[in-house]
Amino acid sequence: DVKVTQSSRYLVKRTGEKVFLECVQDMDHENMFWYRQDPGLGLRLIYFSYDVKMKEKGDIPEGYSVSREKKERFSLILESASTNQTSMYLCASSSPDTYEQYFGPGTRLTVT
Amino acid sequence: QKEVEQNSGPLSVPEGAIASLNCTYSDRGSQSFFWYRQYSGKSPELIMFIYSNGDKEDGRFTAQLNKASQYVSLLIRDSQPSDSATYLCAVPKTSYDKVIFGPGTSLSVIP
């Protein structure tokens, strides 16, 4: 079974802090994704990566950056957390052959 | 027009009934379609995918695809309270490896 893990289930940070969200997958997938999910807004793509050190902006990249130094790990960075970044963050991975995305358990981030 | 649209619901059906969830998409070049189920507080999980026109059955779930009408649906037969969740329709972008998710339909199965 594909396994996607995220570093934290719940996280509370203060405004202005730098925040790192880590995601690791064990299926050797080339593609990895970061989404945020908010009530009434659905899943919104922040960034995705199709290879090591490669990244593409999604629909809402402002205020975020990413890092992919190894194939299995994709990090989302909030350079200076703000209250409007309070959300559920979901990481996913997929093979480019099938488009089937496998999600991690999510990190519920609260910025106070 | 949004790329992937779904009825937001909530959709309520009695236990044992058929639940019908609908999705329309705008990209005529789309070749594959996915249904994800998301329980409250959990992450989405893939439950069905379909590539060809017609029906695809998996247990109590049936996915139906009509490419001419740009329409894909999910039928859940003999609905159970454990089917209560939000169902997300997903359609890959034809030029990229990313997937567009619909807003989801909330389903409630009443015992």
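Up top is the structure.
Every residue gets a number counted from 1 within its own chain, in the order that chain's sequence is written. The lettering of chains begins at A and the numbering of ligands begins at 1, in the order of writing. Predicted model: local features are reported for residues with pLDDT of at least 70 only, side-chain atom pairs are reported and counted for 80 or more only, and whole-chain, interface and lining totals are derived from all residues. The basis for every side-chain value is the complete set of non-hydrogen atoms in the structure, without hydrogens or water.

Participant: Summarise the overall build of chain B; cite the residues concerned and give the values.
Facilitator: Summing up its helical and strand segments, chain B has zero helices and eleven strands in all. Note on method: radius of gyration uses C-alpha positions; expected globular size equals 2.2 Å times residues raised to 0.38. Relative to the globule expectation of 13 Å for 111 residues, the C-alpha radius of gyration of chain B, 13 Å, shows essentially globular dimensions. Here the C-alpha coordinates of chain B stretch approximately 45 × 30 × 20 Å along the principal axes. Whether two residues are in contact is decided by their heavy atoms, any of which lying within 4.5 Å being enough. Within chain B, contacts between residues separated by at least 24 positions form 53% of all contacts whose residues are at least 6 apart in sequence. The Shrake-Rupley method, run with a 1.4 Å probe sphere, supplies the accessible areas, and residue values consider only the shown protein chains as cover. Here chain B has roughly 5,200 Å² of accessible surface; of this, 47% comes from carbon and sulfur atoms. Positive and negative charge centroids in chain B, built from 10 and 11 side chains respectively, lie 5 Å apart. What counts as a helix is a DSSP run of H or I of at least four residues, what counts as a strand is a run of E of at least two, and both are numbered from the N terminus. All tallies of charge rest on Lys and Arg as positive and Asp and Glu as negative; His and the ends of each chain are not included. Throughout, a charge is located at the NZ atom of Lys, the CZ atom of Arg, the CG atom of Asp or the CD atom of Glu.

Participant: Could you give an account of the overall build of chain A, with specific residues and numbers?
Facilitator: Tallying secondary structure elements over chain A gives zero helices and eleven strands in all. The N-to-C order of helical and strand elements in chain A reads β-β-β-β-β-β-β-β-β-β-β. Whereas a compact globule of 112 residues would reach a radius of gyration of roughly 13 Å, chain A reaches 13 Å, a difference of no more than 12%. Structurally, chain A occupies a C-alpha span of about 40 × 25 × 25 Å along its principal axes.

Participant: Outline the sheet that holds strand S7 (residues 61–66) of chain B, supporting the account with residue identities and numerical values.
Facilitator: Residue and element names in this part refer to chain B. Any two strands are treated as partners once DSSP identifies two or more bridges connecting them. With antiparallel pairing, the five strands of this open sheet are ordered in space as S1-S3-S8-S7-S6. With partners counted over all chains shown, the strands left at the sheet margins are strand S1 (4–6) and strand S6 (54–58), one partner each. Pairs of neighbouring strands in the sheet enclose a mean axial angle of 20 degrees, with direction left out of account. Only the stretch in contact is used when a helix axis is fitted, and all axes are lines through C-alpha atoms; the angle between N-to-C directions ranges over 0 to 180 degrees.

Participant: Lay out the pairing of strand S3 (residues 19–25) of chain B in plain terms, naming residues and giving numbers.
Facilitator: Residues and elements named next belong to chain B. Here the term buried applies to any residue with accessible area under 20% of the maximum for its type, exposed to any over 50%, and partly exposed to those in between, with areas from a 1.4 Å probe on protein chains only. Residues Ala-19, Leu-21, Cys-23 and Tyr-25 of S3 are buried on one face, while the alternating residues Ser-20, Asn-22 and Thr-24, pointing to the opposite face, are not. Sheet topology places S1 next to S3; three bridges connect them, and they run antiparallel. Bridged to Gln-6 within S3 is Cys-23.

Participant: So what's going on with the nonpolar core? Residues and values would help.
Facilitator: Buried Ala, Val, Leu, Ile, Met, Phe, Trp, Tyr and Cys residues that are joined via side-chain atoms within 4.5 Å together make up what is termed a nonpolar core. Core analysis: the largest hydrophobic core is formed by 24 residues, its most contacted members being Trp-35, Val-72, Leu-74, Ile-76 and Tyr-87 of chain B. Among all residues touching Ile-76 of chain B, those that are not within four sequence positions of it are Ala-17, Ile-18, Ala-19, Leu-21, Arg-60, Phe-61, Asp-83, Tyr-87 and Leu-107 of chain B.

Participant: How would you sum up the sheet that holds strand S1 (residues 4–6) of chain A? Please name residues and give values.
Facilitator: Residue and element names in this part refer to chain A. On the basis of which strands lie adjacent, the open sheet formed by four strands has the order S1-S3-S8-S7 and antiparallel pairing. If you trace the sheet from one side to the other, it starts and ends with S1 and strand S7 (64–70), each paired once. Between one strand axis and the next, the sheet turns by 20 degrees as a mean value, whatever way the strands run. As paired strands, strand S3 (residues 19–25) and strand S8 (residues 73–78) are joined by six bridges and run antiparallel to one another. Bridged to Phe-20 within S8 is Ile-77.

Participant: Can you break down the interface of chain B and chain A residue by residue, with the values?
Facilitator: Listed as interface residues are 18 residues of chain B and, on the opposing side, 19 residues of chain A. Values labelled buried area give the accessible surface lost by two parts on being combined, using a 1.4 Å probe and summing over both. Of the roughly 1,600 Å² buried between chain B and chain A, counting both surfaces, carbon and sulfur atoms make up 57%. Any carboxyl oxygen of Asp or Glu within 4 Å of a side-chain nitrogen of Lys or Arg constitutes a salt bridge here. Counting across the chain B and chain A interface gives zero salt bridges. In the analysis that follows, any N or O atom pair within 3.5 Å is treated as a polar contact, provided that within protein one partner can donate a hydrogen and the other can accept it, and provided that, for residues neighboring in sequence, both atoms belong to side chains. The tally of links between chain B and chain A comes to three residue pairs in polar contact (both at pLDDT 80 or more). Residue assignment for the side of chain B that touches chain A shows that the elements contributing at least two residues are strand S4 (33–38), strand S5 (45–50), strand S9 (85–92) and strand S10 (99–101) of chain B. The dominant element in the side of chain B that touches chain A, judged by the number of residues it contributes, is S4 of chain B, at three residues.

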